[in-house]
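Below are the chains, spelled out letter by letter.
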Amino acid sequence: REYMLIDGIPVEINGEKNLLELIRKAGIKLPTFCYHSELSVYGACRMCMVENEWGGLDAACSTPPRAGMSIKTNTERLQKYRKMILELLLANHCRDCTTCNNNGKCKLQDLAMRYNISHIRFPNTASNPDVDDSSLCITRDRSKCILCGDCVRVCNEVQNVGAIDFAYRGSKMTISTVFDKPIFESNCVGCGQCALACPTGAIVVKDDTQKVWKEIYDKNTRVSVQIAPAVRVALGKELGLNDGENAIGKIVAALRRMGFDDIFDTSTGADLTVLEESAELLRRIREGKNDMPLFTSCCPAWVNYCEKFYPELLPHVSTCRSPMQMFASIIKEEYSTSSKRLVHVAVMPCTAKKFEAARKEFKVNGVPNVDYVLTTQELVRMIKESGIVFSELEPEAIDMPFGTYTGAGVIFGVSGGVTEAVLRRVVSDKSPTSFRSLAYTGVRGMNGVKEASVMYGDRKLKVAVVSGLKNAGDLIERIKAGEHYDLVEVMACPGGCINGGGQPFVQSEEREKRGKGLYSADKLCNIKSSEENPLMMTLYKGILKGRVHELLHVDYAS
Ligand code: HC1
Ligand code: SF4
């Protein structure tokens, strides 16, 4: 066993990559703007400086722990140093905190409060707002950027997209797209991971809350809403519950109080997707054409990525619409005879869903099936705005006639869930033991690349599950080099929708709780396999009769 001293207390070193991780393990919240455990170390913000035994200063994020080392994290000098950095940043930063979209979630605001900054000794050099509002998914304001580079690294290292990078040098340094074009014209796929990583309000999720309030207040509208699987386990912490706790009943109760007319669960749409996608998989296997493996299509940032970087693979992407879009077509059909104007809202963990909803493929006579997408962050804002005390709400049930969903639909929100749901559909043994063994094939867990094999009749089905677009790109290269898979699930966000760009931010270590929350929700469902959802039969015999292709499919390749 090896130890070092942190503020005079011995702490065991156990494989931590750097001092920062060890210090955090010792229960000290060392400040940092630019450290994320899953990204490369940039070491730019200098907030995590510690004093070594010789009185020198080391950046904790880029210093490995060594046995016998002794460091201090809180000295007069360090306090002065950190205050100075904060004051310099604030001198160059807009201070309209009360009207900032990131108010209350900003690290700069948080640390200014923590270090008791009441006065800034330097002249105000803040620039005017420099807003890029061109994307449907994110809004950028470079005047709020502190150049920590978190967005650049996540876009490059995790997503392999490289839509943004540092430009210019010295005091002119900024974050820019190629040729400084609006972000909408760049390679950006709208995943929102940069907004999640951004410590200030420089990149935030596009806010559509006021548009939705307007529709709710309009007496001539009938406003329906669907709630995505991953939302229920991610808003707890912001609203007085624990992260990972399944809050679906309280969300329904809150939406009803806010004035939504019909409240549904996207998990029902996911059941439809399972039926259609498993049928497509088995058909493609049977036909034996050159369109394998089948790639899933429910993640819109992945579809964008495929269109921009691997268009030749589009014929491999499932023609199934995402659960959100399948369900939206059904809901709009169901209420098509209403005397009021129909408005459909989807509450999603995802920023790219805003782009998906606006795609021409999902419009009927120019009107989108999903009129507005709200992210979990926006839902939290609306609940707070309503004055609803979320933690005290009595849980309520979702509405009929689409009130049933299965555990297979719920697990869509975590990486591996779509695959597991499809496997539940295709295996012939539907016993609890068989389903339990599917959970242990390798499809579960937070790894960015997972593989599993399952028998289908006398054929082995080989599946791969990837999350994070860099992992997707690497897998695609392996497939191009000859590796065989039957089904590939891709989710753009690491860990799947539970870590979507529109979710409240949590450290990577905490994501697992959200995944566990969804698997517990699955355990509580008495129906586990999508084909056993009684609603499915009703839909196929009713609304969907003769219209399956029109309402549930899309051809991204055409
Ligand atoms: Fe997802 Fe999906 S799982 S894409 O991650 O297939 O956003 O939660 O709603 O559509 O069901 C997101 C989540 C979501 C769709 C489903
Ligand atoms: Fe890159 Fe995603 Fe941000 Fe676009 S939304 S800039 S793809 S991280």
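In this text, all values refer to a predicted model and were calculated from it rather than measured experimentally.

Trainee: Please set out the site of ligand 2 residue by residue, giving values where relevant.
Mentor: Close to ligand 2 lie Cys155, Val161, Ala163, Ile164, Cys188, Val189, Gly190, Cys191, Gly192 and Cys194, which account for all nearby residues. Residue classes in the shell around ligand 2 are distributed as 8 nonpolar, 2 polar and no charged.

Trainee: Account for the pattern of salt bridges, naming residues and giving values.
Mentor: Under the definition given, this model contains 45 salt bridges. Across the pair Arg77 and Glu51 runs a salt bridge, and its minimum N-O distance is 3.8 Å. Pair noted here: Arg77 is in helix H2 (residues 76-91) and Glu51 is in strand S3 (residues 49-52), with a separation of 26 residues, a long-range link. Its relative accessible area of 43% is what places Arg77 among the partly exposed residues. A salt bridge links Arg381 to Asp207; the nearest nitrogen and oxygen atoms lie 2.6 Å apart. Of this pair, Arg381 sits in helix H12 (residues 376-386) while Asp207 is found in the loop between strand S10 (203-205) and helix H6 (209-217), placing the two residues 174 residues apart along the sequence. Salt bridges sharing common partners tie together Asp208, Lys211, Lys354 and Glu378.

Trainee: Could you give me a rundown of the site of ligand 1, with the residues and numbers involved?
Mentor: If you check the shell around ligand 1, you find 16 residues, and the closest are Ala228, Ala230, Met324, Lys353 and Cys497. Taking Pro229, its main chain carries an N or O atom lying 3.4 Å from an oxygen atom of ligand 1. Note that an oxygen atom of ligand 1 is positioned 3.4 Å from one of the backbone N or O atoms of Pro323. Counting only elements with at least two residues in the shell around ligand 1, the list comes to helix H8 (266-287) and helix H10 (323-334). When grouped by side-chain class, the residues that make up the shell around ligand 1 number 12 nonpolar, 3 polar and 1 charged.

Trainee: Got a sec to walk through the pairing of strand S2 (residues 9-13)? Specific residues and values, please.
Mentor: Look at any regular strand and the pattern is simple: side chains alternate between the two faces of the sheet. Pairing of strand S1 (residues 2-6) with S2, which is carried by 5 bridges, proceeds in the antiparallel orientation. When the bridges of S2 are listed, Leu5 appears paired with Pro10. What sits between the antiparallel neighbours S1 and S2 is a turn of 2 residues, in which Asp7 has the positive phi angle 50°.

Trainee: Any details on the sheet that holds strand S5 (residues 70-72)? Residues and values, ideally.
Mentor: Here 5 strands make up an open sheet; going across it, the order is S2-S1-S5-S3-S4 and the pairing mixed. The open sheet terminates on both sides in strands that have one partner only, identified here as S2 and strand S4 (57-59). Put simply, the sheet's adjacent strands are angled 40° from each other on average, direction ignored. Against the sheet, H2 makes contact with S3, S4 and S5, and its axis sits at roughly 155° relative to S3, the strand it touches most.

Trainee: Describe the packing of aromatic side chains, with residues and values.
Mentor: For the structure shown, the criterion picks out 10 aromatic pairs. Residues Tyr305 and Tyr310 carry aromatic rings whose centres are separated by 6.1 Å and whose planes lie at 55° to one another, so their mutual orientation is tilted. In this structure an aromatic cluster arises from ring pairing among Phe295, Trp302, Tyr305, Phe309 and Tyr310. The positively charged end of Arg232 is found above the aromatic ring belonging to Tyr405, 6.0 Å away from the centroid. A cation over a ring is seen here: Arg444 above Tyr519, with NZ or CZ 3.8 Å from the ring centre.

Trainee: Describe in detail the sheet that holds strand S14 (residues 341-348), supporting the description with residues and values.
Mentor: On the basis of which strands lie adjacent, the open sheet formed by 4 strands has the order S12-S11-S14-S17 and parallel pairing. Lying at the two open borders of the sheet, with one neighbouring strand each, are strand S12 (262-265) and strand S17 (372-375). Here the average twist between neighbouring strands, direction ignored, is 25°. Where strand S11 (residues 221-227) lies against S12, 4 bridges are found, and the strand directions are parallel. By the bridge assignment, Ser224 is partnered in S12 with Asp262. Packed on one face of the sheet, helix H7 (residues 248-258) meets S11 and S12 and runs near 165° to S11. Helix-sheet contacts for H10 involve S11, S12, S14 and S17, and the interaxial angle to S14 is about 160°.

Trainee: Before we move on, could you go through the environment of Glu420 and cite the residues and values that matter?
Mentor: Looking at the element boundaries, Glu420 is found in helix H14 (residues 417-426). Residues Glu420 and Leu39 lie 381 residues apart in sequence; the distance between their C-alpha atoms is 29 Å. If sequence neighbours within four positions are ignored, Glu420 has contacts with Ile411, Leu438, Ala439, Val443, Arg444 and Tyr519.

Trainee: Go over H14 with me, naming the residues and quoting the values.
Mentor: Helical periodicity: at 3.6 residues per turn, an α-helix aligns residues three or four positions apart in one direction. The buried count for H14 comes to 9 of 10 residues, which makes it a mostly enclosed element. When H14 is considered as a whole, its buried residues turn out to be Gly417, Val418, Thr419, Glu420, Ala421, Val422, Leu423, Arg424 and Val426.

Trainee: Tell me what's going on with the packing of H2 against helix H3 (residues 107-114), and back it up with residues and numbers.
Mentor: At a closest axis distance of 10 Å, the pairing of H2 and H3 adopts a crossing angle of 135°. Between H2 and H3, the angle falls in the class oblique. Where H2 crosses over H3, the two elements pack in a sense that is left-handed. Across the interface between the two elements, Leu86, Leu89 and Leu90 from H2 touch Leu108, Leu111 and Ala112 from H3.

Trainee: Kindly report on the packing of H8 against H10, identifying the contributing residues and their values.
Mentor: For the pair H8 and H10, interaxial distance at closest approach is 8 Å and the crossing angle is 105°. Of the possible angle classes, the one that applies to H8 and H10 is roughly perpendicular. Contact residues: Thr266, Thr268, Gly269, Ala270, Leu272, Thr273 and Glu276 in H8; Pro323, Met324, Met326, Phe327 and Ile330 in H10.

Trainee: Give me the lowdown on the nonpolar core, citing residues and values where you can.
Mentor: Counting 97 residues, the largest nonpolar core has Phe260, Trp302 and Phe390 as the members making the most contacts within it. Top element by residues in this core is H7. It accounts for 7 residues.

Trainee: Give me the lowdown on the pairing of strand S20 (residues 487-491), citing residues and values where you can.
Mentor: Taken across its 5 residues, S20 has 5 buried, putting it largely inside the fold. What you see with S20 is no split at all: Leu487, Glu489 and Met491 on one side and Val488 and Val490 on the other are buried throughout. Bridging between strand S13 (residues 294-295) and S20 involves 2 bridges; their strand directions are parallel. Bridge assignment links Leu294 to a residue of S20, and that residue is Leu487. The pairing of strand S19 (residues 459-467) with S20 spans 5 bridges and is parallel. Among the inter-strand pairings, Ala464 is bridged to a residue of S20, identified as Val488. For the crossover that starts at S19, traverses helix H16 (residues 469-480) and ends in the parallel S20, the hand is right-handed.

Trainee: Can you tell me about the confidence of the model for the chain, naming the residues and giving the values?
Mentor: With 100% of its residues at a pLDDT of 70 or more, the chain has an overall mean of 95. We note a pTM of 0.96 for the whole complex and an ipTM of 0.94 for its interfaces.

The rules behind these values
Residues numbered from 1 in each chain as written. Chains lettered and ligands numbered in written order. Predicted model: local features only at pLDDT ≥ 70, side-chain atom pairs only at ≥ 80, totals over all residues. Heavy atoms only, no water. Near = heavy atom within 4 Å. Nonpolar A, V, L, I, M, F, W, Y, C, P; charged D, E, K, R; others polar. Salt bridge = Lys/Arg side-chain N within 4 Å of Asp/Glu carboxyl O. Helix = DSSP H or I, 4+ residues; strand = E, 2+ residues; numbered from the N terminus. Buried < 20%, exposed > 50% of the residue type's maximum accessible area, 1.4 Å probe, protein only. Polar contact = N/O pair within 3.5 Å; in protein donor to acceptor, adjacent residues only side chain to side chain. Pairing = 2+ DSSP bridges. Axes fitted to C-alpha atoms, helices over the stretch in contact; angles between N-to-C directions. Contact = heavy atoms within 4.5 Å. Phe/Tyr/Trp six-rings, centres within 6.5 Å; stacked < 30°, edge-to-face > 60°. Lys NZ or Arg CZ within 6 Å of the ring centre and 35° of its normal. Parallel < 35°, antiparallel > 145°, perpendicular 65-115°, else oblique. Left-handed = near helix turned anticlockwise from the far one by under 90°. Core = buried A, V, L, I, M, F, W, Y, C linked by side-chain atoms within 4.5 Å. Right-handed = clockwise from strand over helix to strand, strands pointing away. pLDDT = per-residue confidence, 0-100.

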